[in-house]
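The chain contents come next:
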Amino acid sequence: MIGKYKHLVVMLLLFIFPFFFFISEAEAKTDPRIPKNKIVALVYDDSGSMWEQSGAGGKLPIDNWKYANYALQSFAALLEKQDQLKVVYMSSPTVPAPIELDEKLRQYEIDQIRAWKGKKNTPLASLHTAINELNKAAENNKNSDFWLIVLTDGIFNELNHLDPNISVTQIEENKKALFTSLRDLKAKVEKNGTSIHTTMIPIETYLNPEELSIMADFKRQWKESSGGIVLESKGQLDIIQRINEVAALMTNRDPNEQEQFDLNPVWEGNQLILNSPFPLRRITLIEQSAEDNASYQMKEFYMNNQQIQKGMEGPFKVKTPDDPAQLHPPIRGTFTHFNNVNGNGVIEKGTYKIVFDKELTKAQQKNIEVVAEPAIDYKIDFQKINSDGSLTSDPSVFFEGSKMRVETTLLKSDSSDEEIDIRDIDVGSLFEVEAQIGKVSIPLKYDRKLNKFIGDFTINQKNNIPVNVKVNIKGFYQKEKETSLKALPTRKLSLVANTDAWSAPLDKLNQAKPLVITPMVNGEEMTSEELSKVMNQLKVETPGNIKIVKKQKGNQILIYPQSLSPIFRTSVGEVPLHISLPGQYPNELAEGTFTLKIEDISIFKKYGKDIIIALLLLALIVYLIGIIIKPRFAKNRISIEYKQSKKRERLRDARVMTENFHTNWGNRWLIPYMAEKKRIGDLKFKADRKKDRVLLVKECQDADLIVRHEKLSERSRKADIPIYHNDEIQIERSNYHLVYTFKSQ
């Protein structure tokens, strides 16, 4: 018979897991804190309605109580030893019964749960007792997760409108007191930086329409006051179906993709070989058998070829209580946990080996189910994509309209920052990662280089934007996290002058104080550091003729108006300045128009100095031109050879003497325009513009002078006569004769 209910048994055995992983994601902010333990208060309905219900033939037995009892045993078997569990049975509504989870005492506690036989009603006091226990625990447990679980098949007595002994006013007061205490508990726990998770499992199979209406209102207020969840069940086999859905969620597994991923169990003789590309928190082997005791034992546990001493915990044996009505056959199960007791307790990814005391038969192997709790968490980061493609994680620059990137990085769940490297995994077929940012869904793609899932988006609203990121490893891990992205309004930049008006006389312009302008960001002064980053982009435009010098002093811009040269070129009167300063982020620009009042000065002051300078400059230019164009002797190329005799016939034999055309430096270089002159004997020469000749000046000419063998006669003193190479000039006197010969080398 056990085979007929095997699937049902597996789901029941996993009942407890959901409560530790199916977290109300409204509370799941991206907090890296890893809780030390879980503190659980469970309200357990052991009222008579769990045993029997009214039918056509009177009271009929049901086995809701049996499944609930078996689930509570499994609950105790699957918790970790550092956790705390207190059960409030509705038959003893004021007594929180602690369940010892120490390995040596746990089996005894499980047996005590199975022996419980309460049959009373559904008092609201049981829920108040559980809330009070969590309130007390919250005082001294700042790093724990708190859980409130309620399993019931009916309406609390004090909230039943159908009871004539309870007034509507009293019912409303009872509900108000309950939900106020729930809200207070939630606020208290969250103030301490921890979290509270509330789960209600109503079994509504035998409720009439009026009772269903009362229950619907209660469930609504439960969600509103505690932010918790409600898992509805119709009882019996439907409990199993609901637990099937939750059992996958208890290890963050995807209930719709359970065939996509497992630990690849392989039997080799007396060894079970498992393999995981992900780190694990714990491996649990669940064995189902019709026998009270299994005929084999698990001896050793190896992680990546390293034996983990004391790595096994259990086995813990659970079974359904004796059922007087014998509606279904008994169910038995055995839980054995495998942990890494070394280091941080994480079972590192790799290969694991569980050694049995003997080789198991095929039938025995089929009775063993392997459940792995992934040691996986993830963090959500946001970065702004700058205009140059670089990224920044500074939240102070997350402005409306910014291009953004969301990054999701897998982490070991017991480490706040150690990443899980999945570069060797076929990520595309196994992972589904999606971000819901506001109303926009963004699939995140895996970047193998970064080892992150990334997606780009644009901030399209202000203030806090809700962000929900879902990570799904098909058939193995599924979790959602909520956080928020604070979008800042687009910064408004402006320029403010420190004075109402600026003015200066034209001739004092260069000594005037600067126009001081302060850049503002959203009404606050821009910091000097930010101004330094954008100062080189400052632009000053003006239609006037004026020179502008820009400087930074602290967080202020100093504008120095300077006159042009000559000064009369500078604009006077009201000169507008249009100043623009781009911000350090896209689409930011501060602009402003400011007026400079430049006072005009007298004509003499304005033009006199420049006229004098212009005249002096002109005189200098004329002088320099005169110096440049002045005819000068080519003194190293020309000379005069001359000889003298008292008798003409003896001139040929006279001694030849040479005279160069050297003059003094001042005459040659300081006197402009006037040709350089040189007197040699009775003759006077001056330089010509052409260097191969000289001019015989007319002042030294007379009628008897012979030039080139001809007397000047009437041509004398008419004009300067050019003298060329080898030209002779003869002078005949009564007492001597002279012959001059010009040489141009």
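For the structure, check the block above.
We now turn to the structure provided with this report. Position numbers for residues start from 1 in each chain and track the written sequence from start to end. Local features are withheld for residues below a pLDDT of 70 in this predicted model, meaning they are given only at 70 or higher, and side-chain atom pairs are given and counted only at 80 or more; totals for whole chains, interfaces and linings count all residues. In computing side-chain properties, one takes all heavy atoms of the structure into account and sets aside hydrogens as well as water.

**Observations regarding the sheet that holds strand E39 (residues 683-687)**
So, step 1. Two strands are counted as paired when DSSP detects at least two bridges linking them. Put simply, DSSP H or I for four residues or longer makes a helix, DSSP E for two residues or longer makes a strand, and each gets a number counted from the N terminus. Reading across from one edge, E38-E39-E40-E43 is the order of the 4 strands in this open sheet, with antiparallel pairing throughout. Since the sheet does not close on itself, it has two edges, and those belong to strand E38 (677-680) and strand E43 (721-723), each with one partner. Along the sheet, successive strands turn relative to each other by an average axial angle of 35°, direction set aside.
So, step 2. The pairing of E38 with E39 spans 4 bridges and is classified as antiparallel. Looking at E39, one finds that Lys678 is bridged to Phe685. For helices, the axis comes from a line fit to the C-alpha atoms of the stretch in contact; other axes are also lines fit to C-alpha atoms, and the angle between any two N-to-C directions lies between 0 and 180 degrees.

**Considerations on the pattern of salt bridges**
So, step 1. What counts as a salt bridge is simple: a side-chain nitrogen of Lys or Arg found within 4 Å of a carboxyl oxygen of Asp or Glu. Under the defined criterion, the tally for this structure stands at 31 salt bridges.
So, step 2. Notably, a salt bridge pairs Arg281 with Glu80, separated by 3.3 Å at the nearest N-O pair. Here Arg281, found in strand E11 (residues 280-288), pairs with Glu80, found in the loop between helix H3 (64-78) and strand E4 (84-89); they are 201 residues apart in sequence, far enough to count as distant.
So, step 3. Burial status follows relative accessibility: with a 1.4 Å probe on protein chains alone, a residue under 20% of its type maximum counts as buried, one over 50% as exposed, and anything between as partly exposed. Take Glu80: its relative accessible area is 15%, and that puts it in the buried class.
So, step 4. Asp692 is the salt-bridge partner of Arg693, the closest N and O atoms lying 3.1 Å from each other.
So, step 5. Take Arg693: its relative accessible area is 17%, and that puts it in the buried class.
So, step 6. Linked by salt bridges that have partners in common, Glu172, Lys175, Asp217, Arg220 and Glu224 make up one network.

**Brief notes about the nonpolar core**
So, step 1. Put simply, a nonpolar core is a bunch of buried Ala, Val, Leu, Ile, Met, Phe, Trp, Tyr and Cys residues held in one set by side-chain atoms that sit within 4.5 Å of each other. Counting 55 residues, the largest nonpolar core has Ile422 and Phe431 as its most contacted members.
So, step 2. It is strand E25 (residues 463-473) that provides the largest number of residues to this core, a total of 5 residues.
So, step 3. Excluding residues that lie within four positions of it along the chain, Ile422 makes contacts with Phe278, Leu410, Val427, Phe431, Tyr446, Arg448, Asn451 and Phe453.
So, step 4. By size, the runner-up hydrophobic cluster in this structure holds 35 residues, among which are Met50, Tyr67, Leu79 and Leu85. Contact criterion: two residues are considered in contact whenever any of their non-hydrogen atoms come within 4.5 Å of each other.

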